Amino acid sequence: DAGITQSPRHKVTETGTPVTLRCHQTENHRYMYWYRQDPGHGLRLIHYSYGVKDTDKGEVSDGYSVSRSKTEDFLLTLESATSSQTSVYFCAIKGQASSGGYTFGSGTRLTVV
Amino acid sequence: ELKVEQNPLFLSMQEGKNYTIYCNYSTTSDRLYWYRQDPGKSLESLFVLLSNGAVKQEGRLMASLDTKARLSTLHITAAVHDLSATYFCAEGETSGSRLTFGEGTQLTVNP
């Protein structure tokens, strides 16, 4: 859908383990984003990227890091997962307004036990 | 810091009725987005509003933007059950590229 895929779709991991989520796009967009969605909070921005190796923090970046070594891939890493990071994670790309502006991936449901 | 407030957060309405969801935002941005999300699914783009006074309509949904009042509305006309979903508004930065979301409005349309 619109050339953006997330993997994995579901993951259960233990507290303290590292976790990496992947977002892949096929449309050569410059901007990519990671959001988390939790009840009562809508979607909150974790990190975003405005080009290869160019990233910046969002409003809830603590405990997360990102990397973008290629235009098409944006990785989100939880260095040491905690239960508070149990959430649904969405990746997004910024396209043209005429095509809806921002397009979201299918999401990754992460559970930290 | 951008702040977006939607109300109501929960809306239960009968089929055939009209209602409006309100989205207040904190800056002078002229970029406002509306999304729909079904349970367990991703976000689907509904409307992109890019100027003061912008009005867009698709089926039973109509969105508008008043940048002076920092207010966007999503009006539902003659609701049907298929419109049951969560609706989000999001403010786009004027001089940047970040998107800030409201909490969402969970709409339930009852027969």
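Preceding block: the structure.
Throughout this description, residue numbers start from 1 for each chain and increase along the sequence as written. Both sets of labels track the order of writing: A upward for chains, 1 upward for ligands. Under the rules for a predicted model, residues below a pLDDT of 70 receive no local features and side-chain atom pairs below 80 are neither given nor counted, while totals for whole chains, interfaces and linings still include all residues. Hydrogens and water are ignored here; the side-chain numbers use all heavy atoms of the structure.

Peer 1: Describe in detail the sheet that holds strand β1 (residues 4-7) of chain A, supporting the description with residues and values.
Peer 2: All names here are of chain A. Note on pairing: DSSP must find at least two bridges between two strands before they are called paired. Under the DSSP-based scheme used, a helix requires at least four consecutive residues in state H or I and a strand at least two consecutive residues in state E, with every element numbered from the N terminus. Ordered in space as β1-β3-β8-β7, the four strands form an open sheet in which the pairing is antiparallel. Taken across any chain shown, the strands that pair with only one partner, and hence form the sheet edges, are β1 and β7 (64-70). If you compare each strand with its neighbour and ignore which way they point, the axes differ by 20° on average. The pairing of β7 with strand β8 (residues 73-78) spans five bridges and is antiparallel. An axis is simply a line fitted to the C-alpha atoms; with a helix, the fit covers only the stretch in contact. Between two such axes, the angle follows the N-to-C directions and lies from 0 to 180 degrees.

Peer 1: Any chance you could break down the pattern of salt bridges for me, citing the residues and the numbers?
Peer 2: Here a salt bridge means any side-chain nitrogen of Lys or Arg lying within 4 Å of a carboxyl oxygen belonging to Asp or Glu. In total, this model carries seven salt bridges over all chains according to the counting rule given. The salt bridge partner of Lys70(A) is Asp73(A), with a shortest N-O separation of 3.3 Å. With a 1.4 Å probe rolled over the protein chains alone, any residue whose accessible area is under 20% of its type maximum counts as buried; one over 50% counts as exposed, and the rest are partly exposed. Since its relative accessible area comes to 40%, Lys70(A) is described here as partly exposed. The partner of Glu93(B) in a salt bridge is Arg98(B), and the shortest N-O contact between them spans 2.9 Å. Arg98(B) gets classed as partly exposed once you look at its relative accessible area, which sits at 29%. When salt bridges with common partners are traced through the structure, they connect Arg22(A), Lys70(A) and Asp73(A) into a single cluster.

Peer 1: Please set out the interface of chain A and chain B residue by residue, giving values where relevant.
Peer 2: Opposite the 20 residues of chain A that make contact, chain B presents 18 residues. Defined here as a combined quantity, buried area equals the accessible surface (1.4 Å probe) lost by two parts on assembly, summed across both. For the pairing of chain A and chain B, the buried interface totals around 1600 Å² over both sides, and the portion due to carbon and sulfur atoms is 56%. Contact with chain B buries surface across chain A, with Leu43(A), Tyr102(A) and Phe104(A) losing the most and accounting together for 32% of the total. Counting every contact that joins chain A to chain B gives zero salt bridges. Pairing of N or O atoms within 3.5 Å defines a polar contact, subject to two protein rules: one partner must be a possible hydrogen donor and the other a possible acceptor, and residues neighboring in sequence count only if both atoms are side-chain atoms. Taken together, chain A and chain B are joined by six residue pairs in polar contact (both at pLDDT 80 or more). Taken together, the elements giving at least two residues each to the side of chain A that touches chain B come down to β4 (32-38), β5 (42-51), β9 (87-94) and β10 (102-104) of chain A. With four residues, the single largest contributor to the side of chain A that touches chain B is β5(A). Between two residues, a contact is recorded if the distance between any of their heavy atoms is within 4.5 Å.

Peer 1: If you had to explain the sheet that holds strand β1 (residues 4-7) of chain B to someone new, which residues and values would you point to?
Peer 2: All names here are of chain B. Read across the open sheet, the five strands follow the order β1-β3-β8-β7-β6; overall the sheet is antiparallel. Since the sheet does not close on itself, it has two edges, and those belong to β1 and β6 (55-58), each with one partner. Neighbouring strand axes in the sheet, compared pairwise and without regard to direction, differ in orientation by 15° on average. In this sheet, strand β7 (residues 61-66) lies alongside β6 in antiparallel orientation, the contact comprising four bridges. Across the sheet, Gln57 pairs through a bridge with Met62, a residue of β7.

Peer 1: Which residues make up the state of the cysteines, and what values go with them?
Peer 2: Counting rule for disulfides: a pair of cysteine sulfur atoms within 2.5 Å. A full pass over the atoms with the stated rule returns two disulfides over all chains. Here Cys23(A) is linked by a disulfide to Cys91(A), with a sulfur-sulfur distance of 1.8 Å. Across the disulfide from Cys23(A) to Cys91(A), rotation about the S-S bond amounts to roughly -75°, and the bridge is consequently left-handed. With Cys23(A) in strand β3 (residues 19-25) and Cys91(A) in strand β9, this pair connects stretches of sequence that are 68 residues apart. Note on accessibility: Cys23(A) and Cys91(A) belong to one class, buried. Across the disulfide, Cys23(B) is cross-linked to Cys89(B) (sulfur-sulfur distance 2.0 Å). One disulfide, between Cys23(B) and Cys89(B), carries an S-S torsion of 85° and so falls in the right-handed class. With Cys23(B) in strand β3 (residues 19-25) and Cys89(B) in strand β9 (residues 85-92), the pair connects residues that are 66 residues apart, well separated along the chain.

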